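One-letter residues, chain by chain:
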Amino acid sequence: ALGFAFGLLSFERPGDFDIKSVQKSLVKISDKLYASKFEVSNQEYNRFLESLKRNNRTEAYHKALMDTAQWKNILPDGEIFMANYHRHPAFSIYPAVNVHYEAALLFCDWLTEQYNADPKRPFQQVKFRLPTEEEWIMAAKGGNPKSVYPWEGNHLRNKRGMYHCNFGRSVDGSGPADGMKDLTAPTKFYIPNGFGLYQMSGNVAEMLLEKGKTKGGSWQDSEEAMKIENDGKYGTYDAPQPTIGFRYFMDVIEA
């Protein structure tokens, strides 16, 4: 059953680009490489769409629109999510999903343009992009090359028996019982890894720079897919999915 009650709230209108917010979201991964602490949220993605629309970038705007119909392929109450997940304030801090690979690239290009044009930017020139598989794995390990999962230890539960991430139930019926396994979770949820990155396993599988590939597993993947080195059933894809989102990385071109 759907775990949210939708009231008569108006849709959120995204504000302008906020360089302070973007800068606060970034953590250093290596010499000149940074990663966002969070998967891109509906709020951030809608701000991007609003900017394209406001600046009459019609072709880019239509290319960037989410394929909301994908919800019907994965959930029995998919039409409710089609109407609400991407625009309703209740889901503003949930990860943007059903995004085309090319649209994720457009988002990164837009973020690059906005950042490099801001007079308050801390770096002279940067480039936002999707990570390579090697970069994603390095980020997920959080500074510990021996990490099996993004968190400390080799188990999916902490000492109190609570899960470190949201993922689908296994064949034997085991899996998260915290109410979050049946859908995405907010982008700031569970415990971050050693670098301060949230949701590197579970929640949504994250797009890589190589088209058609993801890492991290999703809210519908098995527990085995939560391991950093593994790929889930959405590890490869050829169309947008409610199980796939993305996280931006940033190269410092000129400090």
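Up top is the structure these notes are about.
The present account deals with the structure reproduced in this document. (Residues numbered from 1 in each chain as written. Predicted model: local features only at pLDDT ≥ 70, side-chain atom pairs only at ≥ 80, totals over all residues. Heavy atoms only, no water.)

## Focus on the overall build of the protein
Alright, step 1. Scanning the protein from N- to C-terminus turns up six helices and seven strands.
Alright, step 2. Along the protein, helices (α) and strands (β) appear in the sequence α-β-β-α-α-α-α-β-α-β-β-β-β when read from the amino end.
Alright, step 3. Residues classed as buried in the protein amount to 53% of the 255 residues present.
Alright, step 4. Across the protein, the fraction of contacts at a sequence separation of at least 24, relative to all contacts at a separation of at least 6, is 68%. (Helix = DSSP H or I, 4+ residues; strand = E, 2+ residues; numbered from the N terminus. Buried < 20%, exposed > 50% of the residue type's maximum accessible area, 1.4 Å probe, protein only. Contact = heavy atoms within 4.5 Å.)

## Quick look at the packing of aromatic side chains
Alright, step 1. A complete count under the given rule lists 21 aromatic pairs for this structure.
Alright, step 2. Taken together through their ring pairs, the aromatic side chains of Tyr45, Phe48, Phe107, Trp110, Tyr115, Phe128, Phe246 and Tyr248 make up a single cluster. (Phe/Tyr/Trp six-rings, centres within 6.5 Å; stacked < 30°, edge-to-face > 60°.)

## Focus: helix H6 (residues 133-141)
Alright, step 1. Within H6, the full set of buried residues consists of Glu135, Trp136, Ile137, Ala139, Ala140 and Lys141.
Alright, step 2. The secondary structure elements touched by the buried residues of H6 are strand E1 (26-30), strand E2 (33-36), strand E3 (125-129), strand E4 (205-207), strand E5 (214-215) and strand E7 (249-254).

## Describing the nonpolar core
Alright, step 1. Judged by nonpolar contacts, the single largest core of 48 residues is most densely connected at Tyr45 and Phe128.
Alright, step 2. Mapped onto this core, the elements with two or more residues apiece are helix H1 (19-25), helix H2 (42-54), helix H3 (58-64), helix H5 (101-117), E3, E4 and E7.
Alright, step 3. Here this core takes eight residues from H5, the largest share from any one element.
Alright, step 4. In contact with Tyr45, not counting residues within four places along its chain, are Val40, Ala64, Met66, Ala96, Val99, Ala103, Phe107 and Phe246.
Alright, step 5. With 13 residues, the next largest nonpolar core counts Val27, Ile29, Met200 and Leu208 among its residues. (Core = buried A, V, L, I, M, F, W, Y, C linked by side-chain atoms within 4.5 Å.)

## Some remarks on the side chain of Ser147
Alright, step 1. Of note, Ser147 is situated in the loop between H6 and E4.
Alright, step 2. For Ser147, a relative accessible area of 10% translates into the label buried.
Alright, step 3. Ignoring sequence-local partners within four residues, the contact set of Ser147 consists of Lys141 and Ile228.

## Observations concerning the sheet that holds E4
Alright, step 1. Across the sheet, which stays open at both edges, the three strands sit in the order E5-E4-E6 with mixed pairing between neighbours. Two strands close off the open sheet at either side, each with one partner strand: E5 and strand E6 (244-245). (Pairing = 2+ DSSP bridges.)

## Some details on the pattern of salt bridges
Alright, step 1. For the structure on display, the rule yields 10 salt bridges.
Alright, step 2. A salt bridge links Lys213 to Glu133, with the shortest nitrogen-to-oxygen separation between them at 3.1 Å. Residue Lys213 is located in the loop between E4 and E5, and its partner Glu133 is located in helix H6; the two are separated by 80 residues in the primary sequence.
Alright, step 3. Owing to a relative accessible area of 26%, Glu133 belongs among the partly exposed residues under this scheme.
Alright, step 4. Residue Lys215 pairs with Asp231 through a salt bridge whose shortest N-O separation is 3.2 Å. In this pair, Lys215 sits in strand E5 while Asp231 sits in the loop between E5 and E6, placing the two residues 16 residues apart along the sequence.
Alright, step 5. Given a relative accessible area of 1%, Lys215 falls into the buried group.
Alright, step 6. Here Asp231 falls in the partly exposed class, since its relative accessible area comes to 41%. (Salt bridge = Lys/Arg side-chain N within 4 Å of Asp/Glu carboxyl O.)

## A short note on the layout of surface pockets
Alright, step 1. In this model, the largest pocket occupies a volume close to 350 Å³.
Alright, step 2. Taken together, 18 residues make up the lining of the largest pocket; nearest its centre are Ser21, Ser41, Gln43, Glu44 and Arg47.
Alright, step 3. Partitioned by chemical class, the residues of the lining of the largest pocket number eight nonpolar, six polar and four charged. (1 Å grid on protein atoms, 1.4 Å probe; cavity = no way out; pocket = protein on both sides within 12 Å on 5 of 7 lines; lining within 4 Å. Points joined across faces, edges and corners; volume = space filled by probe spheres on them. Nonpolar A, V, L, I, M, F, W, Y, C, P; charged D, E, K, R; others polar.)

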